[in-house]
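The chain contents come next:
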Amino acid sequence: AESLGASGRDLITAVVAGYEFAGSAMNMPVSTRDLYVAAVVAGKLNDFDHAAMSQALLLAGYLSPGRNGLASPFADEYWISNGQIARSAVEAVMLIKNGFQTVDIRTVNTMPWTMDCDKLGNQWQILDTYIKPYPCCRNIHAAVDLALLLSKQNNLRGSEISRIDITKSKGFYVGKERLDATSTRTRAQFNIYHCVASAILFGKLDQRDFSKASIANAEVRKLSDKVFLYQKPKEKLSPGLPSGYTTMVITTNDGKRIEGALKHASGDPESPLSVEEMRKLCMDRFRILLSDKQSRRLYKAIQMLEGYDNITEFTKLLSVAK
């Protein structure tokens, strides 16, 4: 968008197009979908028509780093692979823009994936997008919400807990192994035991809880060993806890049972963050790198993004002062 001198409206349009594609291609492997989404966004910014976009998508697939091997998603270098994916897509768009020719993807009878295009432009996917308040796997968030809520309501300390039982009928895309002290940040972000233990011990879960020191923290590791996960309710831990929800039962050292259930985690389209919660989430993230003054300017600018004639004036606010 910067190199093209695109407007804020152009950028928003391209981002929405990317979400529309992603939401209509949910049966694709994630890295494959990322590749095509990046091509759609870049193609939209370059004002591609259907034929050009079709060729860019096909060429992006051909240039994909997956053809030369892709790093494990559990490796800390996965962000590099994601960068290569986006680069392949942008390069495909640039080649098509400069006259390179390939086949029209619409003329290919057999494709390894399909899209549900019936709802395109009618049911906007960007309005059905999950916003993650915690930097971990989405399907851990409800358990983190429960851990924070129950521990705060009952003024619980980690040393007072003998075990934590968590159940959910579906949707646990998490690492089920117990972390060791040298586990990677990415493995910790996909590990429900580490996330729940950290949330209870520190009353929050943010990027600092996935540092090497936090993963090796003996107190976190001791409490995480007391967390147990069941994909389906095992012998109904409590008749009062509804099926289909994420449920949690915390048992204290004196035998007290503290129970809770949650259908939608905070940030789910069914349980959206409030305006104030969204502002706090953004400001907390911005302040990791930017000054408080610049963070406030950036947040204000985001609210007015559509009014920028040239996106470069906006993206200057993303730069870290030297």
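Thresholds, definitions, all that
Residues numbered from 1 in each chain as written. Predicted model: local features only at pLDDT ≥ 70, side-chain atom pairs only at ≥ 80, totals over all residues. Heavy atoms only, no water. Buried < 20%, exposed > 50% of the residue type's maximum accessible area, 1.4 Å probe, protein only. Helix = DSSP H or I, 4+ residues; strand = E, 2+ residues; numbered from the N terminus. Polar contact = N/O pair within 3.5 Å; in protein donor to acceptor, adjacent residues only side chain to side chain. Pairing = 2+ DSSP bridges. Axes fitted to C-alpha atoms, helices over the stretch in contact; angles between N-to-C directions. Contact = heavy atoms within 4.5 Å. Core = buried A, V, L, I, M, F, W, Y, C linked by side-chain atoms within 4.5 Å. Disulfide = S-S within 2.5 Å. Left-handed = near helix turned anticlockwise from the far one by under 90°. Parallel < 35°, antiparallel > 145°, perpendicular 65-115°, else oblique. Nonpolar A, V, L, I, M, F, W, Y, C, P; charged D, E, K, R; others polar. Phe/Tyr/Trp six-rings, centres within 6.5 Å; stacked < 30°, edge-to-face > 60°. Lys NZ or Arg CZ within 6 Å of the ring centre and 35° of its normal.

1. Remarks on helix α7 (residues 192–202)
Because each turn of an α-helix spans 3.6 residues, side chains separated by three or four positions in sequence point in the same direction. Among the 11 residues in α7, nine count as buried, and that is most of the element. The complete set of buried residues in α7 reads I192, Y193, H194, C195, V196, A197, S198, A199 and I200. By the N-cap criterion, in which a side-chain oxygen at the helix start approaches the backbone nitrogen of a residue two or three places on, α7 is capped by N191, the distance to Y193 being 3.2 Å.

2. Comments concerning unusual backbone geometry
Of note in the backbone geometry, D47 takes a positive phi value of approximately 60° without being a glycine. One can find D47 in the loop between α2 (30–45) and α3 (50–63). The phi angle at N155 is positive, at roughly 50°, despite the residue not being glycine. Here N155 lies in the loop between α5 (141–153) and β1 (161–167).

3. Re the sheet that holds β1
Taken in spatial order, the four strands make up an open sheet running β2-β1-β3-β4, and their pairing is mixed. Looking at the sheet topology across the chains shown, the edges are occupied by β2 (227–230) and β4 (257–262). Strand-to-strand twist of the sheet, defined as the mean angle between neighbouring strand axes without regard to direction, takes the value 15°. Looking at chain direction, strand β3 (residues 246–252) and β4 are connected through six bridges and run antiparallel. Paired with I250 across the strands is I258, a residue of β4. Along the sheet face, α5 touches β1, β3 and β4 and points at about 40° away from the line of β3.

4. Here's the deal with the nonpolar core
I164, I166, V196, M248 and I250 are the most contacted members of the largest nonpolar core, which totals 33 residues. Elements supplying a minimum of two residues to this core: α5, β1, α7, α9 (218–224), β2 and β3. No other element matches the seven residues that α7 contributes to this core. Beyond its immediate chain neighbours, meaning those up to four positions away, V196 contacts A143, A147, I164, I166, V227 and M248. Core analysis: the next-biggest nonpolar cluster, separate from the first, contains 28 residues, A25, A38, A52 and A60 among them.

5. Comments concerning the pairing of β3
Of all the seven residues making up β3, seven are buried; the element is thus mostly covered by neighbouring parts of the structure. Every second residue of β3 is oriented toward a common face, with T246, M248, I250 and T252 on one face and T247, V249 and T251 on the other, all of them buried. Where β1 lies against β3, six bridges are found, and the strand directions are antiparallel. The residue bridging D165 from the neighbouring strand is V249, located in β3. In sequence, β3 turns back onto β4 through a hairpin of four residues, with G255 there showing a positive phi of about 90°.

6. Section: the state of the cysteines
Here the structure, examined in full by the defined rule, presents zero disulfides. As a non-bridged cysteine, C136 has C195 as the owner of its nearest cysteine sulfur, 4.2 Å distant. What makes C136 buried here is its relative accessible area of 2%.

7. Digging into the packing of α2 against α3
At a minimum axis distance of 9 Å, the contact between α2 and α3 shows a crossing angle of 145°. Regarding α2 and α3, the two cross each other, and that crossing is right-handed. Contact residues: L35, Y36, A39, V40, G43 and K44 in α2; M53, L57, A60 and G61 in α3.

8. Side note on the packing of helix α1 (residues 8–24) against α2
Following both chains from N to C, one finds α1 and α2 inclined at 150°, their axes separated by 8 Å at the closest point. Judged by the angle between their axes, α1 and α2 are roughly antiparallel. Relative to α2, α1 is oriented so that their crossing is right-handed. Residues D10, L11, T13, A14, A17, G18, F21 and A22 of α1 pack against R33, Y36, V37, V40, V41, K44 and L45 of α2. Looking at the contact of α1 with α2, its residues break down into 10 nonpolar, two polar and three charged.

9. Here's the deal with the packing of aromatic side chains
Within the structure shown, the criterion is met by two aromatic pairs. Residues F21 and Y36 carry aromatic rings whose centres are separated by 6.3 Å and whose planes lie at 45° to one another, so their mutual orientation is tilted. Highlighted residues: F21 in helix α1 and Y36 in helix α2, separated in sequence by 15 residues. The pair F21 / Y36 is uniform in exposure class, with both members buried. For the ring pair Y308 and F314, a centre distance of 5.8 Å and an interplane angle of 70° mean the geometry is edge-to-face. For the pair shown, Y308 and F314 are each scored as buried. Against the face of Y193 rests R178, its NZ or CZ located 3.8 Å from the ring centre.

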